[in-house]
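One-letter residues, chain by chain:
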Amino acid sequence: MVNLMERRMVGAALDLARNEVVARTATGFRAHTKPNVDLYPFLWDWDSAIVAMAFSDLGIPERGLAELRSLHAAQHESGLVAHIAFSRAESDLARYFPGPDVWGGLHGRDGRPISGITQPPVSGIALRSLVEHGIDPESPGVRDLAIRIDEHHRWWMRERDPAGDGNVVVLHGWSTGRDNAPEVLDLYRGNDIPVRRGVGALRRDLAHGVSADSRPTDEYYERSIGLADRGVELGGWTSPGLAARMPMQLSDPLVAALLAGSAADLAFVARVAGLPRIADSSAHIAQRVTGALAARATSDGAIHAVDVRRGRLLDQHKTITTPMTAWAPGLPDSVLAHNAQLIHDGDLGGAHGVLTTARDSAWFDPQRYWQGPSWPHMDELVARGLQRSASEPGRSPEVRRTVHDAITELDARTSAAILRDGSPEYRHADTGVTVGKQHMSFSSGSQIMHARRGGHHDEALRRAADAYREASVWHAAP
Ligand code: GLC
């Protein structure tokens, strides 16, 4: 048993080395981790932020710092952190659709081609984890990141809060991080959502050993590319005020709660880094976004997505977006209790992890991507969000116990799944069998995070860190 866990941890650490990309720059070496060398051969925003947290937990926070620095080096001058920073390598570009041209030719500050949309913001959370694992908060690297992450959070408040009430929105399905989640599919049905016909034939994902029935459909891709085109037509993805003009404006609780959590953690880092202005404005952002979420909690403590354009509460969809609200600091006990119950013995309590979509949802599909399967990084983020929310001062003992029981059960399911199959991209909602791609960085990274949080696997993690160091190009760089 112990040896098997060790093998799993070493395997996960080797995945991080396998997906690693090291580039020489004018000032030294830059490193990031591809989500997967075949399916997702570039840098993805939240994948990299989660990998940075995994490196903290692996005891190699300096590598996590390099990951975050690479992510933010490609930040656009407007403050946008793109969901993808592309490379120019033909071999990578040939593996993935859509490439950079779909987004209208944008570039990050360091010149890398980037997409025009963002993803759930996790960088502030990752930066705090690095500082808590020994990175000096007053070092230039951390201070520089704090400034950039703050720019990104302020971009959210300036460019993605069209009503100015703290209800931040995303303008594209891929920005939710849960591509084909029911909330997205619901909005994609609208007859004002543009469609680019025929893009099914351009897809590359199905060439990488994943089955069509575990992936989003061609119709989904047609709308996703249609929306990308629309952003370009409306003046470009980084044009000020775009949000109010786009046909899709989805206020997704998962995204908002991570923004609030990221801002709260940035406030923490900025305070210890001696950046009081950033600390204050970050705390303010966290409060504002949390306040908007709290204001729409139902009497039983559920927070749902909103179709902002049509003023429609999307409360018919039961998805993982609701328990992820635990990341927003200071939500009422009722919300926390509801979230814990949902993932424990409620509608999202899957036998192999948190269901991304409840079984009684019209869009439930046990193996299709975000329509049901459990995703390892989500299980870890849900557990961490609940844990930190339960530890906030003033929580009632009952709610603390409810959360504790829910996390204990989820962790037991996760440990069993790891021992059985490691950490695939996602697990079939009913059978738990692995679906999607193997060797996914954020899945493997979450496995390391899960083990560290459990506190029983120090030796396995030490060996995993050694294995990473031995295999890593970054580690071997002068
Ligand atoms: C898919 C996932 C998204 C992830 C990306 C790269 O688009 O839905 O969450 O960031 O792949 O792994």
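In the block above lies the structure referred to throughout.
A quick note: this is a predicted structure, and the numbers were derived from the prediction, not measured. (Residues numbered from 1 in each chain as written. Predicted model: local features only at pLDDT ≥ 70, side-chain atom pairs only at ≥ 80, totals over all residues. Heavy atoms only, no water.)

A. Looking closely at the overall build of the protein chain. Helix and strand counts for the protein chain stand at 17 helices and 13 strands. The C-alpha radius of gyration of the protein chain comes to 20 Å, within 12% of the 23 Å expected for a compact globule of 478 residues. Principal-axis analysis of the C-alpha atoms gives the protein chain an extent of 55 × 55 × 50 Å. Of the contacts formed within the protein chain by residues at least 6 apart in sequence, a portion of 73% connects residues at least 24 apart. Of the roughly 16600 Å² of accessible surface on the protein chain, 51% is carried by carbon and sulfur atoms. (Helix = DSSP H or I, 4+ residues; strand = E, 2+ residues; numbered from the N terminus. Rg over C-alpha atoms; globule rule 2.2 N^0.38 Å. Contact = heavy atoms within 4.5 Å. Areas by Shrake-Rupley, 256 points an atom, 1.4 Å probe, with all protein chains shown as cover.)

B. Here's a closer look at the packing of aromatic side chains. Scanning all chains against the criterion turns up 19 aromatic pairs. Here the aromatic rings of phenylalanine 42 and phenylalanine 86 are separated by 4.9 Å at their centres, their planes lie at 65°, and the arrangement is edge-to-face. Here the residue phenylalanine 42 occupies a position in the loop between β2 (28-33) and β3 (43-44), and phenylalanine 86 occupies one in the loop between β4 (84-85) and α4 (90-93), the gap between them amounting to 44 residues. Classification of phenylalanine 86 as buried rests on a relative accessible area of 1%. Consider the rings of phenylalanine 55 and tyrosine 468, whose centres lie 5.0 Å apart with planes at 65°: the pair is edge-to-face. Of the two residues, phenylalanine 55 sits in helix α2 (residues 45-57) while tyrosine 468 sits in helix α16 (residues 458-471), which places them 413 residues apart along the sequence. By relative accessible area, phenylalanine 55 is classed as buried at 0%. Grouped by ring-pair contacts, the aromatic residues Trp46, Tyr369, Trp370, Trp375, Tyr426 and Phe442 constitute a single cluster. Across from the ring centre of tryptophan 474, 5.8 Å away, lies the NZ or CZ of arginine 63, which sits over that ring. (Phe/Tyr/Trp six-rings, centres within 6.5 Å; stacked < 30°, edge-to-face > 60°. Buried < 20%, exposed > 50% of the residue type's maximum accessible area, 1.4 Å probe, protein only. Lys NZ or Arg CZ within 6 Å of the ring centre and 35° of its normal.)

C. Representation of the nonpolar core in the model. In this structure, Trp46, Leu68, Leu127 and Met324 are the most contacted members of the largest nonpolar core, which totals 124 residues. Excluding residues within four positions of it along the chain, methionine 324 makes contact with Leu254, Ala257, Leu258, Met378, Leu381 and Val382. Membership of the second largest hydrophobic core comes to 22 residues, among which are Met5, Met9, Ala31 and Leu58. (Core = buried A, V, L, I, M, F, W, Y, C linked by side-chain atoms within 4.5 Å.)

D. View of helix α3 (residues 61-73). In this model, α3 (13 residues) spans 18 Å end to end at C-alpha, consistent with the 18 Å of a helix rising 1.5 Å per residue. Counting buried residues in α3 gives eleven out of 13 residues, a clear majority hidden from the surface. All of the buried residues along α3 are Pro61, Arg63, Gly64, Leu65, Ala66, Glu67, Leu68, Ser70, Leu71, His72 and Ala73. (Expected span 1.5 Å × (residues − 1).)

E. Layout of the pairing of β2. Examined bridge by bridge, strand β1 (residues 20-25) and β2 share six bridges and lie antiparallel to one another. Paired with threonine 25 across the strands is glycine 28, a residue of β2. Here β1 folds back onto β2 in antiparallel fashion, the turn holding two residues. (Pairing = 2+ DSSP bridges.)

F. Examining the side chain of histidine 153 more closely. Residue placement: histidine 153 occurs in helix α6 (residues 140-159). Accessibility expressed as a relative area gives 1% for histidine 153, which makes it buried. Not counting chain neighbours up to four residues away, the residues in contact with histidine 153 comprise Leu259, Ser262, Ala263, Leu266 and Ile285.

G. Region of the structure containing the site of the ligand. All residues in the neighbourhood of the ligand are listed as Pro35, Tyr40, Trp44, Trp46, Asp47, Gln119, Gly177, Asp179, Tyr369, Trp370, Met440 and Phe442. The side chain of tryptophan 46 places a nitrogen or oxygen atom 3.0 Å from an oxygen atom of the ligand. At a separation of 2.7 Å, an oxygen atom of the ligand approaches a polar backbone atom of glycine 177. Taking 310 Å² as the accessible area of the ligand by itself, protein coverage stands at 96%. (Near = heavy atom within 4 Å. Polar contact = N/O pair within 3.5 Å; in protein donor to acceptor, adjacent residues only side chain to side chain.)

H. Up close: the sheet that holds strand β7 (residues 250-251). Judged by pairing direction, the sheet is antiparallel, and its three strands sit side by side in the order β7-β8-β9 without closing on themselves. At either end of the open sheet lies a strand with only one pairing partner, and these are β7 and β9 (312-313). Where β7 lies against strand β8 (residues 306-307), two bridges are found, and the strand directions are antiparallel. Note on β8: the bridge partner recorded for leucine 250 is aspartate 307.

I. Up close: the pattern of salt bridges. In total, this model carries 47 salt bridges according to the counting rule given. Across the salt bridge formed by arginine 413 and glutamate 409, the nearest N and O atoms sit 3.0 Å from each other. Of the two residues, arginine 413 and glutamate 409 are both situated in helix α14 (residues 397-421); the distance of four residues between them amounts to about one turn of the helix. Assessed through its relative accessible area of 18%, arginine 413 is described here as buried. Residue classification places glutamate 409 among the partly exposed residues on the basis of a relative accessible area of 31%. Ionic contacts of the salt-bridge type, sharing partners, join the residues Asp186, Arg189, Asp192, Asp307, Arg309, Arg310 and Arg312 into one network. (Salt bridge = Lys/Arg side-chain N within 4 Å of Asp/Glu carboxyl O.)

J. View of the environment of proline 100. Among the secondary structure elements, proline 100 is positioned in the loop between α4 and β5 (106-107). It is 21 Å that separates the C-alpha atoms of proline 100 and methionine 248, two residues lying 148 residues apart in sequence. Residues in contact with proline 100, not counting those within four places in the same chain, are Phe86, Leu93, Gly105 and Pro113.

Any link to function would need more than the numbers given here.
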